[in-house]
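Here is what each chain is made of, one letter per residue.
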Amino acid sequence: MKYKVAEKFVSVNGEGLRSGELAVFIRLAGCNLNCSYCDTAWANEADTIYKIMAEEDIYTYIKSTKVTNVTLTGGEPLLADGITILLKKLAGDKDLSVEIETNGSILLDQFIKIENRPSFTMDYKLPSSGMEKVMLTDNFKYLTKQDTVKFVCGTKEDLQKAKFIIDQFQLTGKTNIYISPVFGKIDMAYIVDFMKDQEMNGVRLQVQLHKIIWDHNKRGV
């Protein structure tokens, strides 16, 4: 298969279960959503520049870095034609730890069946994103402690909805839960106060390390 690779680079993982660890990133072009706060919208444009790579090319690049954490991101990587072929290729290497960042609008059932499957860092898009209407809550039944649900919050309404969804689907007992602020839109101290007031045990505030270490608009980090 052929994949549209918008970026490939090595950095520290800025978020998720392996935050702070080295990771090799493969960013695939294209997305089906248009979130108000998207920080990689450039990768979703029809005229974005990308490199065509086969699964063997991607695997060879990953191995050449000597980094064992792999993050497939986008855009929305699960939209790519033949993505299951790439996932199975990577799953065949037991030395790699593969994570997929996915936006919550793609059903995960077929990907969960892959032997040595990747972990999923799945968004639940909240009201300020403008994309909540396409969230697939059926995905919650496929997630385990291997995975993460990420709530990106920019407003008090977002926080309240995140709390409602976490409680409704009893997510803290199923998977890892992160709340992440929309960069520059909400005070992190306010999020902490909300978590305290709502007794949100088992939920983690996540700060995007790459936006602290480098300029928040910088690519390839």
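Residues numbered from 1 in each chain as written. Predicted model: local features only at pLDDT ≥ 70, side-chain atom pairs only at ≥ 80, totals over all residues. Heavy atoms only, no water.

J.: Would you explain the side chain of N13 in this entry?
T.: Residue placement: N13 occurs in the loop between β1 (2-12) and β2 (22-28). Judged by its relative accessible area of 2%, N13 is buried. Here T71 takes part through its side chain, which lies 3.5 Å from a polar atom of the side chain of N13. At 3.3 Å, the side chain of N13 forms a polar contact with the side chain of E99. Apart from residues lying up to four places away in sequence, N13 is in contact with R18, S19, G20, E21, A23, F25, T71, E99 and L209. (Helix = DSSP H or I, 4+ residues; strand = E, 2+ residues; numbered from the N terminus. Buried < 20%, exposed > 50% of the residue type's maximum accessible area, 1.4 Å probe, protein only. Polar contact = N/O pair within 3.5 Å; in protein donor to acceptor, adjacent residues only side chain to side chain. Contact = heavy atoms within 4.5 Å.)

J.: Before we go on, may I ask you to explain unusual backbone geometry in this structure?
T.: Negative phi characterises most residues that are not glycine, and trans characterises most peptide bonds. Cis rather than trans, the peptide bond between G74 and G75 has omega equal to 10°. You can see G75 is positioned in the loop between β4 (69-73) and α2 (83-91). Although it is not a glycine, N116 sits at a positive phi angle of roughly 55°. Its location among the elements puts N116 in the loop between α3 (109-112) and β6 (119-123). When its relative accessible area of 37% is taken as the criterion, N116 is described as partly exposed.

J.: Help me out: how do you make sense of the packing of aromatic side chains in this one?
T.: To describe a pair of aromatic rings, you give the distance between the ring centres and the angle between the ring planes. Inspection of every chain in the model, using the stated rule, returns four aromatic pairs. Three or more aromatic residues link up through ring pairs in this structure, and these residues are Y124, F140, F151 and F169. A cation over a ring is seen here: K8 above Y61, with NZ or CZ 5.2 Å from the ring centre. Over the ring of Y59 we find K89, and its NZ or CZ is 4.8 Å from the ring centre. (Phe/Tyr/Trp six-rings, centres within 6.5 Å; stacked < 30°, edge-to-face > 60°. Lys NZ or Arg CZ within 6 Å of the ring centre and 35° of its normal.)

J.: Even after reading the chapter, I still don't get the sheet that holds β1, so can you show me in this structure?
T.: What links the strands of a sheet is backbone hydrogen bonding, and the strands pair in either a parallel or an antiparallel sense. Spatially, nine strands are ordered β3-β1-β2-β4-β5-β6-β7-β8-β9 in an open sheet, and the strand pairing comes out mixed. The two strands at the open ends of the sheet, each matched to only one other strand, are β3 (51-54) and β9 (203-205). This sheet shows a mean twist of 30° between the axes of neighbouring strands, independent of strand direction. In this sheet, strand β8 (residues 176-181) lies alongside strand β7 (residues 148-153) in parallel orientation, the contact comprising six bridges. Paired with C153 across the two strands is P181, which belongs to β8. Helix α5 (residues 188-197) contacts β8 and β9 of the sheet and is inclined by roughly 165° relative to β9. (Pairing = 2+ DSSP bridges. Axes fitted to C-alpha atoms, helices over the stretch in contact; angles between N-to-C directions.)

J.: Whenever I open this one, the environment of T144 confuses me. Can you help?
T.: Checked against the element boundaries, T144 lands in the loop between β6 and β7. T144 sits in the partly exposed class, given a relative accessible area of 33%. Taking the C-alpha atoms as reference points, T144 and K174, 30 residues apart in sequence, are found 5.4 Å from one another. Here the side chain of T144 touches R117 through a polar contact of 3.4 Å, side chain to side chain.

J.: Quick question: what am I supposed to make of the pattern of salt bridges here?
T.: Per the counting criterion, the structure on display carries eleven salt bridges. Between E15 and K150 there is a salt bridge, and its shortest N-O distance comes to 3.5 Å. Note that E15 is positioned in the loop between β1 and β2 and K150 in strand β7, a separation of 135 residues in sequence. For the pair E15 and K150, one class covers both residues: buried. For the salt bridge of D123 with K125, the shortest nitrogen-to-oxygen distance reads 2.7 Å. (Salt bridge = Lys/Arg side-chain N within 4 Å of Asp/Glu carboxyl O.)

J.: Looking at this structure, how should I read the nonpolar core?
T.: Side chains of nonpolar character tend, in soluble globular proteins, to be buried together. Core analysis: the largest hydrophobic core is formed by 52 residues, its most contacted members being I62, L72, L78, L90 and F151. Of the residues forming this core, the biggest block, five residues, is contributed by α2. Excluding anything up to four places from it in sequence, L90 contacts Y59, I62, V70, L72, L96 and V98. (Core = buried A, V, L, I, M, F, W, Y, C linked by side-chain atoms within 4.5 Å.)

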